[in-house]
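Next come the chains, spelled out residue by residue.
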Amino acid sequence: MVVIQYFDNTLLVLTQLVRQIPSVGDDIKIKGRKGKVISVTEMEGNIVRINVAFEKNHQKTIPLIR
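Conventions and cut-offs
- Residues numbered from 1 in each chain as written.
- Predicted model: local features only at pLDDT ≥ 70, side-chain atom pairs only at ≥ 80, totals over all residues.
- Heavy atoms only, no water.
- Helix = DSSP H or I, 4+ residues; strand = E, 2+ residues; numbered from the N terminus.
- Contact = heavy atoms within 4.5 Å.
- Core = buried A, V, L, I, M, F, W, Y, C linked by side-chain atoms within 4.5 Å.
- Buried < 20%, exposed > 50% of the residue type's maximum accessible area, 1.4 Å probe, protein only.
- Pairing = 2+ DSSP bridges.
- Axes fitted to C-alpha atoms, helices over the stretch in contact; angles between N-to-C directions.

## Examining the environment of Leu-12
Tracing the sequence through the fold places Leu-12 in strand 2 (residues 11-18). In this structure, the C-alpha to C-alpha distance between Leu-12 and Gly-35, residues 23 residues apart in sequence, is 14 Å. Those residues within four positions of Leu-12 in sequence are excluded, and the remaining contacts are Gln-5, Tyr-6 and Phe-7.

## With respect to the nonpolar core
Core analysis: the biggest nonpolar cluster contains 12 residues, these being Val-2, Ile-4, Tyr-6, Val-13, Val-18, Ile-28, Ile-30, Val-37, Val-48, Ile-50, Val-52 and Phe-54. Contributions of two or more residues to this core are made by strand 1 (2-8), strand 2, strand 3 (27-30) and strand 5 (47-54). Apart from the residues lying within four places of it in its own chain, the contact partners of Val-18 are Met-1, Val-2 and Ile-4.

## Concerning the sheet that holds strand 2
For sheets, the rule is that strands pair by backbone hydrogen bonds, running either parallel or antiparallel. The five strands are arranged 2-1-5-4-3 in an open sheet whose pairing can be described as mixed. The open sheet is flanked by strand 2 and strand 3, the only strands paired with a single partner. When the angles between neighbouring strand axes are averaged without regard to direction, this sheet yields 40 degrees. Relative to strand 5, strand 4 (residues 33-42) runs antiparallel, the two sharing seven bridges. Directly across from Val-37, in strand 5, lies its bridge partner Val-52.

Quick look at the structure:
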């Protein structure tokens, strides 16, 4: 089992205990957000740091009508 830490730039998004490590270029979904694995770095022991690039969320704003 491996501890995986998912980062968006320097922000820690999620930490998981998993059996399989995602590879670079894999599409993942974390907390309802779609992203792509940019880099995988093995740290000390059984800790793996994964940098993720999330897709931009484009929501249209609806004007309020009185």
